[in-house]
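Reading the structure
Each chain, letter by letter, is given below.
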Amino acid sequence: MSNRRVYLHIGAPKTGTTYLQDRLARNTRSLSSHGVTLPTRSPVVSPGLFHFRAALDLLGQDWGGEPGHAEGSWDALVRRVRRSSGTVIVSHEILAPAPAEAVARAKRELGSGDDVHVVYSARDLGRQLPAAWQESIKQGRKWTYRQFLKKVRQRQPWFYRSFDLPSVLGTWSAGLPPENVHVVTVPQRGGATAPDALWQRFCAAFDIDPAWAPEESERRNPSLGAAETVLLRRLNKRLGRRTRREVTYDTLVRDLLAEQELAGRKGAAPLGLPPKMYDWAEAEAERWIEYVEGSGVQVLGDVADLRPQRPADGTWVDPDKISARAELAVAIDALTAMTREAARREDPDQQLVNRVRSQARRLRDQ
């Protein structure tokens, strides 16, 4: 038996994972001084990227890069964990719906008799499903909100398999004592909890002092309005699959448009759950709560956070029926942002000319 305790934070997506991972990464040195390790491959590879590639490799997937870019990353992560002592944190949300064989391998290779813990963060479906559809559009998907929700009811999308708490924990908790499984609930909006309540809950799950990571993260995964999301969906349909898989798509569409220019746009109609789906979402919440309370796992937060809250005013904007006028206003803002970005960038042909001229001057000066 070693003196190592491994925490596997497995998601779910859209539950503050971006903030958590960035704050941990920003404070690796301080955490290390308190015996907490966030494994990474090298100084030039961030822990977040390393854990993402390791998760891809474990799952046999190859997203977001050249073919084979994740190969060997899981074994590299295992080696670094085994060389560590004290508390070790591994975090990536794509681990949540992992198949049983991948889960068994992860616990076996990272554990090896160590104290292994699983941390899972959960959020109510009233907020989670609109956020998931929006995120899928930012990642290049083309489906309408109605199509997405229909597949959710059929439990088909990857996102919903990540959110289904009993299914996820039924797989990940196999062979672990209940006290080694921790469920972090995302606080409801407008509650009496402190602004940093989610961070405090994560720290309690990892058994670390929040003061060990004093530098806060500035990274957020900002929300888009209904019209803004629809514009991106239409753009995805025009761009084609090949373009949507290129790195420039992430730079221009996801980073520039979705997360900078169109996020938090004044007057944007928020995405929400259709009123007719709340009965189903509430029934799902009760199923989740029954599982949590019957399983004996540790809860950081309140299981009531998992119940969706119906909008007080009863209003809902259907993103599949956005007016042409609203779409046009968003499209003009998007076009303006893209034009400014194009004007800011140097002409690639001119860059080549400048490099040739610089090289010629260096040769003359020799």
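On a predicted model such as this, the values are computed, not experimentally measured, just so you know.

Here we take up the nonpolar core. Across soluble globular proteins, you tend to see nonpolar side chains buried next to one another. Ranked by internal contacts, the top residues of the largest apolar core, which has 79 residues, are Tyr-120, Leu-129, Leu-165 and Trp-172. Ignoring any residue separated from it by four or fewer positions in sequence, one finds Leu-129 in contact with Phe-148, Leu-149, Val-152, Tyr-160, Phe-163, Leu-273, Met-277 and Trp-280. By size, the runner-up hydrophobic cluster in this structure holds 20 residues, among which are Val-119, Val-184, Trp-199 and Phe-202.

Moving on, we get to the side chain of Glu-109. Mapped onto the elements, Glu-109 comes out in helix H5 (residues 100-111). Residue class for Glu-109 comes out buried when judged on its relative accessible area of 17%. With near-sequence residues (within four places) excluded, Glu-109 lies in contact with Trp-74, Val-78 and Arg-82.

With that settled, the discussion passes to the sheet that holds strand S5 (residues 181-185). On the basis of which strands lie adjacent, the open sheet formed by six strands has the order S2-S3-S1-S4-S5-S6 and parallel pairing. Across the chains shown, the open sheet's two edge strands, defined by having one partner strand only, are strand S2 (36-37) and strand S6 (298-300). As paired strands, S2 and strand S3 (residues 86-91) are joined by two bridges and run parallel to one another. Bridged to Val-36 within S3 is Thr-87.

A few words on the side chain of Asn-180. Checked against the element boundaries, Asn-180 lands in the loop between helix H9 (165-172) and S5. Excluding its chain neighbours within four sequence positions, the residues that come into contact with Asn-180 are Asp-115, Val-116, His-117 and Val-118.

Parameters and conventions
Residues numbered from 1 in each chain as written. Predicted model: local features only at pLDDT ≥ 70, side-chain atom pairs only at ≥ 80, totals over all residues. Heavy atoms only, no water. Core = buried A, V, L, I, M, F, W, Y, C linked by side-chain atoms within 4.5 Å. Buried < 20%, exposed > 50% of the residue type's maximum accessible area, 1.4 Å probe, protein only. Contact = heavy atoms within 4.5 Å. Helix = DSSP H or I, 4+ residues; strand = E, 2+ residues; numbered from the N terminus. Pairing = 2+ DSSP bridges.

Any functional reading would require information beyond the geometric quantities listed.
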